[in-house]
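The primary structure of each chain is shown beneath.
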Amino acid sequence: QVQLVESGGGLVQAGASLRLSCIASGRPFNVYTMGWLRQTPGQEREFVAAISWNGGNTNYADSVRGRFTISRNNAENKVFLQMGNLKPEDTAVYYCAFGPEFRGVPSNVDLYNAWGQGTQVTVSS
């Protein structure tokens, strides 16, 4: 059974850093684009970042580009999101998800599936 488990969220002050982790199981991990998406109550899920199956390509939402870095370790079936200079508007539940198999790094949320349970990130002023 496909499973994604996110961790690393927390409550931090603006300007702080957090490193989110996600471990996957139930699928051949190193053939899929992986993505990080986030959701605020009352809003639809928003694309944050994606990384191609072998880590060769990445994509970021304009709102996080330059502050966040996505990476993956295929040997451990893990994907990470290093978040720096956090801002209050980054507050959301962050999810990792499987993207397309052997494709690019799309920003279309509809192309991601097998969502994890999410980890809460709260950034105070």
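Our structure's up above, just so we're on the same page.
Rules and cut-offs
- Residue numbering note: each chain is counted from 1, following its sequence as written.
- Local features in this predicted model are restricted to residues of pLDDT 70 or higher, and side-chain atom pairs are both shown and tallied only at a pLDDT of 80 or more, whereas totals for entire chains, interfaces and linings draw on every residue.
- Hydrogens and water molecules were not included; the side-chain quantities draw on all heavy atoms of the structure.
- Here, nonpolar core means buried Ala, Val, Leu, Ile, Met, Phe, Trp, Tyr and Cys residues that are tied together by side-chain atoms lying within 4.5 Å of each other.
- Exposure categories follow from relative accessible area, calculated using a 1.4 Å probe and restricted to protein chains: below 20% of the type maximum is buried, above 50% is exposed, and the middle band is partly exposed.
- Working definition: helices are DSSP H or I runs of at least four residues, strands are E runs of at least two. Numbering for both runs from the N terminus.
- In plain terms, two cysteine sulfur atoms within 2.5 Å form what is called a disulfide here.
- By definition, two strands form a pair when at least two bridges between them are found by DSSP.
- Simply put, an axis is a line fit to the C-alpha atoms, just over the touching stretch for a helix, and the angle between two N-to-C directions goes from 0 to 180 degrees.
- Centres within 6.5 Å are what make two rings of Phe, Tyr or Trp a pair, Trp counting through its six-membered ring; a difference in plane orientation under 30 degrees is then read as stacked, over 60 as edge-to-face, and the rest as tilted.
- Working rule for contacts: check all heavy atoms of both residues, and any pair within 4.5 Å makes them a contact.
- In the sections that follow, a salt bridge refers to a side-chain nitrogen of Lys or Arg positioned within 4 Å of a carboxyl oxygen of Asp or Glu.

**Q** So what exactly am I meant to see when it comes to the nonpolar core here?
**A** Generally speaking, a soluble globular protein has its nonpolar side chains buried in company with each other. Residues Trp-36, Val-79, Leu-81, Met-83 and Tyr-94 are the most contacted members of the largest nonpolar core, which totals 36 residues. Within the residue set of this core, elements represented by two or more residues are β3 (18-25), β4 (32-39), β5 (46-51), β7 (68-73), β8 (78-83), β9 (92-101) and β10 (119-124).

**Q** Hey, could you run me through the state of the cysteines in this one?
**A** Linking two cysteines covalently through their sulfur atoms gives a disulfide. Going through the model one piece at a time under the given rule, you end up with one disulfide. A sulfur-sulfur distance of 1.9 Å marks the disulfide that ties Cys-22 to Cys-96. With the S-S bond torsion at 55°, the cross-link from Cys-22 to Cys-96 turns out right-handed. Pair noted here: Cys-22 is in strand β3 and Cys-96 is in strand β9, with a separation of 74 residues, a long-range link.

**Q** What is the right way to look at the sheet that holds β3 in this model?
**A** Hydrogen bonding along the main chain pairs the strands of a sheet, whether they run parallel or antiparallel. Sheet architecture is open: four strands sit in the order β1-β3-β8-β7, paired in antiparallel fashion. Each having just a single partner strand, β1 (3-7) and β7 make up the two edges of the open sheet. Going across the sheet, the axis of each strand differs from the next one's by a mean of 15°, ignoring polarity. Where β7 meets β8, six bridges bridge the pair, whose relative direction is antiparallel. Its bridge partner lying in β8, Asn-73 is registered against Lys-78.

**Q** Mind showing me how you'd approach the packing of aromatic side chains here?
**A** Geometrically, a pair of aromatic rings is defined through the distance of the ring centres and the angle of the planes. Here the structure, examined in full by the defined rule, presents five aromatic pairs. Look at Phe-29 and Phe-98: their rings are 6.5 Å apart centre to centre, the planes differ by 75°, and that puts the pair in the edge-to-face class. Separated by 69 residues along the polypeptide, Phe-29 in the loop between β3 and β4 and Phe-98 in strand β9 bring together distant segments of the chain. In this structure, Phe-29 and Phe-98 share a single accessibility class: buried. A ring pair is formed by Tyr-95 and Trp-115, whose centres lie 6.3 Å apart and whose planes are at 80°; its orientation type is edge-to-face. Here Trp-115 lies in the loop between β9 and β10 and Tyr-95 lies in strand β9, a separation of 20 residues in the sequence. A relative accessible area of 11% places Tyr-95 in the buried class. Residue class for Trp-115 comes out partly exposed when judged on its relative accessible area of 30%. An aromatic cluster is built from Phe-29, Tyr-32 and Phe-98, whose rings are joined through pairwise contacts.

**Q** What is the right way to read the side chain of Thr-33 from this model?
**A** Position of Thr-33 among the secondary structure elements: in strand β4. On the basis of relative accessible area, Thr-33 is assigned to the buried category, the value being 0%.

**Q** Just checking my understanding: could you explain the environment of Ser-25 for this structure?
**A** Positionally, Ser-25 belongs in strand β3. For Ser-25, the contacting residues outside a window of four places in its chain are Gln-1, Val-2 and Gln-3.

**Q** Even after reading the chapter, I still don't get the pattern of salt bridges, so can you show me in this structure?
**A** Note that side chains of opposite charge can pair when their charged atoms are close. By the definition in use, this model includes five salt bridges. A salt bridge links Arg-65 to Asp-62; the nearest nitrogen and oxygen atoms lie 2.4 Å apart. On the basis of relative accessible area, Arg-65 is assigned to the partly exposed category, the value being 46%. Of the charged contacts, one joins Asp-90 and Arg-67 as a salt bridge, the two residues approaching to 2.7 Å between their closest N and O atoms. Within this pair, whereas Asp-90 is found in the loop between β8 and β9, its partner Arg-67 is found in the loop between β6 (58-60) and β7, the two being separated by 23 residues in sequence. One connected set of salt bridges, linked through shared partners, spans Arg-38, Glu-46, Arg-67 and Asp-90.

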